[in-house]
Amino acid sequence: MFYNLKIAIRNLRRNGLYSVINIIGLTVSLATCILITLWVYDEWSYDRFHANKENIYLVNTSVSNEGFFDHTPGALSVYGKEEIPVIKDYCRISWFSFNYLRYNDRQVLIDNSINRGAAVDSSFFRMFTFPLIEGDIQKPFAGDNSIIFSESMAKSVFGDENPMGRAVRTNWSDEYFYVTGIMEDMPKNSTLQYDYIVPMNFMKRHWVSYFVPGKTLDEDFGEFRFSTYLELYPGSHTDEIEEQIVNIVGREMAPYASMFGPAGLPPFNISLQQITDQHLYNPDGTPGGMAKIRLFAVIAGLILVIACINYVNLVTARIGKRSKEMGIRKFLGANWIKIVRQAMQETCVMLFISIVLATVLIYVVMPVYNQISGKNMEFSLFSFHAAIIYGVTLFCVLVLAGLYPSLFLASSNSSKHTKNKGMHVVFRKALVVVQFVCSIVLIVSTLVITLQMNFIRKKDLGYDKENVICFPAWGMGNNKEAVRNELQKNPDITGVATADFENMITHNFTYGVTWQGSDIATRFSMGWFDFDFFDVMNIRLTDGAFPLEASADKYCLLNETAVREMQLQEDPLNQIINFNNQSYTVSGIVRDFHFESLSQPILPMILICSKANYNNFYIRTTTQGTKSALASIETMWKKYCPNLIFSYSFLDENFERLYEADIQMGKLLYIFAFIAIMISCLGLFGLVTFTAETKTKEIGIRKVLGASVGNIINMLSKEFLILVGIAMLIAFPLAYYWLNNMLQDYAYRISIGWWIFVLAGLITIVLTLLTVGFQALKAATANPVKSIKTE
Amino acid sequence: MNTILKTKHLTKWVDNSSGRVFLLRDINLEIKQGEFISVMGPSGSGKSTLLNVLGMLDTFNEGEYEFIGQPVHTLKERQRSELHKHNIGFIFQAYHLIDELTVAENIEAPLLYHGMKQKERQAAVADILDRFNIVGKKDLFPAQLSGGQQQLVGIARALIVKPKLLLADEPTGNLNSKQGEEIMELFNKLNEEDGVTIIQVTHSEKNANRGDRIIELLDGRIVK
């Protein structure tokens, strides 16, 4: 054992360059694999900490066959539980927010983008595994005005005092709320993230039904405001439940069918999604996060495979040099088991060194990695997960990279060796082709994904998103004119407008629009704006005109998509459309602009202009004037909303944030692709060094025969370039197929042009030539007299 | 007769820890076209070095070297390489055939670097295989041939570019006496019938005497 170890270490040292190449390759790929696995595990672990996870389902709904989303009306679960026996319990969750809390004399302003609030049913803590530090899981709320804080938020409001039973005053009609529980901070890998929770009963008390006046929250089928989770008895069939719920909704909605025009009720569908799928799959069941997980898992696998191939190739390539040693050992009586054991020991020593280095590397890059990936992952060498990851990786490397070369070594003897050489050379070449295929696919993917990201970022949105500051109106809403006049005194502010849109995004929509010839309930997004909005945002009319201020309540505008989808026979201008029990005349057509994520196509939209006060301000500034504009806004804010945290955002940054996850993924992909390609090049470098070494004499002879330096480089590179060519033939269709599939997720996407493949091909060839060239040049310029003497 | 090469004060040295070691010292040579020269001398006297320098495989430090009227010492690497590949054929003691190539491919190899078309190459190879009576061996690999046969292939390879000068570094050193005799017969034939200039390095007095004259080297100098 010790003897073998000694020999193993000596061998590693003797083959310095190859050992270094192998160790660097293995280290980097091990570290990368583990980092990727951490990421994959983190994504996969979402919502899996719920003890009840097997039986908790999220209800997704779809109206008019327009795709599922995770919102339901409040009555759905109440009726469902009543009538469907396999539903054990339900929990509805609605966003709910306070802007400030007052405790004694202290006022705490709440930034709702950081500390989020919700109204939930009292089953919340029973159904989900969010442990309470104080309070009763079965009966968490004592009355309608109860509140439960997360541990960290309780600390920021109450300091070191015991919060239980304390009263806080809120901006909800100055009502008091009493603390009846403290919950642990929700884990990072939870889709539900709340810092304060109030009972649904409070919301119930304040509920006003817009759909059918007089209905309570528990009876209202109109407003899709709630995330609904159902707890089912084990072994329930979700498809039956889905059907039953659809029937209930159909039955309850039947009396109001006429509100949807002559077409009647739009088709309604339900899909139950297990809570553990919520993070990984879209509401319609298509893989969202899961696609990313698969992508990254594949990349981790590829990187590992590439490093293993390097190992196998370098070890088998050098077999000629070792076969003599093995032959002598066999002659001295070693059987093949002993020889395999020795070879494996060499692999193990190398792996051990790589693992130590990889662990160091992981700790070093972890902070950067967390920053890039926007996660808070931790790596602990002695954790169960790390052990599993190392174990699996070790096993793969040992089997893939250790056993094959070992058996190869053991079976080779000098006479057999020459005969088998051809086969093994072919095998080695096949492995190099596999490496190149991986690299090329990664290069093409990186190119395409980068292009797609840029395409989205640079896409004409239909409005000008640069130099626009958005902020909620709050108290300024009722003093719009005064605020506007004050702001416009600042020369850096070039426009002031308000709209009900928040950050140019609206979730407001209706199916209840009818017009002459309308036959099917169509989803229309709704937007309300003041008259300055279009000017401030640079949104143009393609036809017609804005209504006059005096008669604005009789008119509306349509976007181009709406005109298309309504299939109007005549000129859309001056057509009458009806919704909300009112009639509007179309006064103009607005050029299409985006008001949802670019993964969604532009939907039909009705736009209404009026002098009314809307909830969101849009301020356009000069390019240099952002700072002074913000100062003016803050002055206004302090005057009209002294009890609120000053919050504003830049429209272009909001837009970037929408694609943050995609951009982060793009960056990670960049890095991983780069690493994979580097490791391939490293292996290639080892191989070409070896080839040049074994061909020293041949190169010398050829030079004597008149070969120029160019001839020699050509000879050495050609071999690898042919392999690159074969790899391209395999990689291009593969890359095209899967990237084309991936791009289907985007409503606005680039087409994969032939030039992307040409570019990827060129990159690969240049990389190959750079890698091969150095060694080839060295070999080609060597003095032939010396080369020939090498014998 | 025309002069094929001429050297004046040709000197080559290497510097090592114990000082400057002269490999060639003040070599003055003039060789006419069609001559058959034998170079003799003890091991380390600079025979092979002289051959390599004359064949432009190696450089020298001082002196002048003129090859078919061209001043080699002033030529650039590329020009030297052109001059060498069109005019000089090499034969080695250890044959130096390429193991991975067949006999025919080995013989063809130099032509690849002359930019010759495939058809012409094949014709030239067929020609020389025929002339050397080794057509039957053309698809064999060097390892399947005897030493004499390998050297025959080596000579065929050297001659295929129709060189003006043939440089042979102990061509019979690895061969038995009968094979050696045959190779030397061939040299005489080439020299007399085809007018090829030959410079051979040899240890054998008998082989040396087959040439027109003998140059004797000792410690890098011509002594006779």
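(A) Layout of the nonpolar core. Ranked by size, the top nonpolar core spans 123 residues in total, and within it Val444(A), Met504(A), Phe533(A), Met537(A) and Phe593(A) carry the most contacts. Contact partners of Phe593(A), with chain neighbours within four places excluded, come to Leu461(A), Gly462(A), Tyr463(A), Phe501(A), Met504(A), Ile539(A), Ile602(A), Met605(A) and Leu607(A). With 33 residues, the next largest nonpolar core counts Val39(B), Leu51(B), Phe67(B) and Phe92(B) among its residues.

(B) Molecular detail of the interface of chain B and chain A. Across the boundary between the two partners, chain B contributes 17 residues, which contact 14 residues of chain A. Counting each side, the surface lost to burial between chain B and chain A is near 1500 Å², with a carbon and sulfur contribution of 63%. Counting the contacts that link chain B with chain A gives 0 salt bridges. Inspection of the region where chain B meets chain A yields 2 residue pairs in polar contact (both at pLDDT 80 or more).

(C) Representation of the environment of Tyr79(A) within the structure. All names here are of chain A. Within the secondary structure layout, Tyr79 lies in helix H3 (residues 75-83). With relative accessibility at 21%, the residue Tyr79 sits in the partly exposed group. Spatially, the C-alpha atoms of Tyr79 and Ile56 are 18 Å apart, while their sequence positions differ by 23 residues. Other than its neighbours up to four places away in sequence, Tyr79 contacts Asp218, Glu219, Phe221, Ile248, Arg251 and Glu252.

(D) Highlighting the pattern of salt bridges. Residues and elements named next belong to chain A. Scanning the entire structure with this criterion turns up 36 salt bridges over all chains. In this structure, Asp42 and Lys375 form a salt bridge, with 2.9 Å as the shortest nitrogen-oxygen distance. Here Asp42, found in helix H2 (residues 16-44), pairs with Lys375, found in the loop between helix H10 (336-373) and helix H11 (384-411); they are 333 residues apart in sequence, far enough to count as distant. For Lys375, a relative accessible area of 14% gives the class buried.

(E) Highlighting the sheet that holds strand S5 (residues 70-71) of chain B. Pairing is antiparallel in the open sheet, where 4 strands are placed in the order S2-S1-S4-S5 (chain B). Unpaired on one side and paired on the other, strand S2 (19-32) and S5 of chain B mark the two borders of the sheet.

(F) Inspection of the pairing of strand S1 (residues 3-16) of chain B at higher detail. Residues and elements named next belong to chain B. Examined bridge by bridge, S1 and S2 share 10 bridges and lie antiparallel to one another. Note on S2: the bridge partner recorded for Asn16 is Gly19. Taken together, S1 and the strand that follows it, S2, pair antiparallel across an intervening segment of 2 residues.

What counts and what doesn't
- All chains use their own residue numbering, which begins from 1 and follows the written sequence.
- For this description, chains carry letters from A and ligands carry numbers from 1, given in the order in which they are written.
- Given that this is a predicted model, residues contribute local features only at a pLDDT of at least 70 and side-chain atom pairs are listed and counted only at 80 or more, while totals for whole chains, interfaces and linings are drawn from all residues.
- Heavy atoms throughout the structure, all of them, feed into the side-chain values; hydrogens and water do not.
- Only buried Ala, Val, Leu, Ile, Met, Phe, Trp, Tyr and Cys residues count toward a nonpolar core, and they belong to the same one when joined by side-chain atoms within 4.5 Å.
- Residue burial is assigned from relative accessible area. The probe radius is 1.4 Å, only protein chains are included, and a residue is buried under 20% of its type maximum, exposed over 50%, and partly exposed in between.
- Every residue pair with non-hydrogen atoms within 4.5 Å of one another is taken to be in contact.
- By convention, the term buried area covers the 1.4 Å-probe accessible surface removed from two parts as they join, with the contributions of both added.
- Any Lys or Arg side-chain nitrogen located within 4 Å of an Asp or Glu carboxyl oxygen qualifies as a salt bridge.
- Throughout this description, a polar contact denotes any pair of N or O atoms lying within 3.5 Å of each other; where both atoms belong to protein, one of them has to be capable of donating a hydrogen while the other can accept it, and for residues adjacent in sequence the pair is counted only when both atoms sit in side chains.
- Helix and strand definitions here come from DSSP, where helices need a minimum of 4 consecutive H or I residues and strands a minimum of 2 consecutive E residues; each element is numbered from the N-terminal end.
- Two strands form a pair only when DSSP identifies at least two bridges running between them.

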